[in-house]
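Residue-level structural notes
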Amino acid sequence: DYDFKGSELHVDLTASYELGGVYNPEIKLTLWDSRGLIKVTKILKHPQIIVTPRTQWALETAQDIVAKASAYGIEEISDIREYTPGDSLRRIHWKKTASLERLIIKLLSEPYTFSNLVLFTYAVNAVKLDKLGSVAVLAMTQAVLLSGTAEVILVKSNGELSSVKVTYSNFTDAVKQVLANLENINIKTIGGGDYVGYLAPLQDALLSKLNPVLSGLRRPIIVGDGDLINWICARLSNLDCVLA
């Protein structure tokens, strides 16, 4: 028998989880002597790991930023870098923050504004839904910081449209209302293309409902699961898309 008492073993391990939750991983260690004659295996339980969901992280971050910040104009970016303590909250690059999942600062810029979002509320699986939630929260945060008010058009998986107005005063409640509409449709996509044309009538019908809405919006941003809405970003190439 091998006596582990009095011995120290330092192992660097990295655990990666796609979804938030509480995890209790087990670590299997196998030790050999220098001649390869003796082998000992031991199972160790790692202390509990709590993984914060992306959407929860985004909402907590956004609540803090909105509580401290005032409306300002977004800027034309010539460079970016990671946030460091002391940086102005007015310089946070929300689109990059959403995609990289850490705070990013924009440098050397000039103002423009937008205040409208079109959010496709459904995703292909739980992981993409969590990513979509975080992207949606950060996009709404940027819109409110820029304009004071963000009109969010929700496009559901059945084509139903609704809207939520997000402001400084109702920010948390309104964002939670938007997040409550997110839906995991739990499907597998194949190549992201409509190779036999089956989707074209559905896409045309949805666009016919969306076009009157989009025409009344000022500089709208399309937000959604890239596996499902690449087609609309291609067909509405004059609009900006933020994809999860």
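All values derive from a computational prediction rather than experimental measurement.

Points about the environment of Gln-63
- Following the sequence through the fold, Gln-63 ends up in helix 1 (residues 54-68).
- In this structure Gln-63 comes out as partly exposed when scored by relative accessible area, which is 29%.
- Sequence separation between Gln-63 and Thr-172 is 109 residues, and the spatial gap between their C-alpha atoms is 6.8 Å.
- In this structure Gln-63 touches Phe-171 and Thr-172, once residues within four positions along its chain are discounted.

Here we look at the sheet that holds strand 15 (residues 240-243)
- Judged by pairing direction, the sheet is mixed, and its five strands sit side by side in the order 12-11-9-14-15 without closing on themselves. Single-partner strands in this sheet number two, and they are strand 12 (161-167) and strand 15. Taken over all neighbouring pairs, the strand axes of this sheet differ in orientation by 25° on average, direction set aside.
- One ladder, built from four bridges, connects strand 9 (residues 116-120) with strand 14 (residues 220-224); its direction is parallel. By the bridge assignment, Val-118 is partnered in strand 14 with Ile-222.
- Those strands touched by helix 3 (residues 126-147) are strand 9, strand 11 (149-155), strand 12, strand 14 and strand 15, and its axis lies near 150° from that of strand 11.

Here's the deal with the packing of helix 1 against helix 4 (residues 171-179)
- For the pair helix 1 and helix 4, interaxial distance at closest approach is 11 Å and the crossing angle is 155°. As summarised for this structure, helix 1 and helix 4 are arranged roughly antiparallel, according to the angle between their axes. Of the two elements, helix 1 crosses helix 4, and the hand of that crossing is right-handed. On helix 4, the residues touching Thr-55, Leu-59, Ala-62, Gln-63 and Val-66 of helix 1 are Phe-171, Thr-172, Val-175, Lys-176 and Leu-179.

What to know about the state of the cysteines
- A full pass over the atoms with the stated rule returns one disulfide.
- The residue that forms a disulfide with Cys-233 is Cys-241, at a sulfur-sulfur distance of 2.0 Å. Here Cys-233 and Cys-241 share a disulfide; its torsion about the S-S bond, -110°, makes the bridge left-handed.

Focus on the confidence of the model for the protein chain
- Confidence in the prediction for the protein chain averages 79 pLDDT; 83% of positions are at 70 or higher.
- This stretch, residues 192-198, has a pLDDT under 50; its non-local contacts, to residues over four places away or in other chains, come to three contacts.

Here's the deal with the nonpolar core
- Leu-119, Met-140, Val-152, Val-166, Val-175 and Val-223 are the most contacted members of the largest nonpolar core, which has 39 residues in total.
- Mapped onto this core, the elements with two or more residues apiece are helix 1, helix 2 (94-100), strand 9, helix 3, strand 11, strand 12, helix 4 and strand 14.
- When sequence neighbours within four positions are dropped, the list of residues in contact with Leu-119 reads Leu-132, Ala-136, Val-152, Ile-153, Leu-154, Val-155, Val-178, Leu-182 and Val-223.
- The next biggest cluster of nonpolar side chains, apart from the first, holds 19 residues, and it includes Val-124, Ile-222, Cys-233 and Leu-236.

Some words on the pattern of salt bridges
- One pass over the structure, following the stated rule, counts seven salt bridges.
- Between Glu-101 and Arg-54 there is a salt bridge, with its nearest N and O atoms 3.0 Å apart. Taken as a pair, Glu-101 in the loop between helix 2 and strand 7 (104-107) and Arg-54 in helix 1 lie far apart in primary sequence, 47 residues in all.
- Looking at Glu-101, the relative accessible area reads 39%, which means it is partly exposed.

Criteria and thresholds
Residues numbered from 1 in each chain as written. Predicted model: local features only at pLDDT ≥ 70, side-chain atom pairs only at ≥ 80, totals over all residues. Heavy atoms only, no water. Helix = DSSP H or I, 4+ residues; strand = E, 2+ residues; numbered from the N terminus. Buried < 20%, exposed > 50% of the residue type's maximum accessible area, 1.4 Å probe, protein only. Contact = heavy atoms within 4.5 Å. Pairing = 2+ DSSP bridges. Axes fitted to C-alpha atoms, helices over the stretch in contact; angles between N-to-C directions. Parallel < 35°, antiparallel > 145°, perpendicular 65-115°, else oblique. Left-handed = near helix turned anticlockwise from the far one by under 90°. Disulfide = S-S within 2.5 Å. pLDDT = per-residue confidence, 0-100. Core = buried A, V, L, I, M, F, W, Y, C linked by side-chain atoms within 4.5 Å. Salt bridge = Lys/Arg side-chain N within 4 Å of Asp/Glu carboxyl O.

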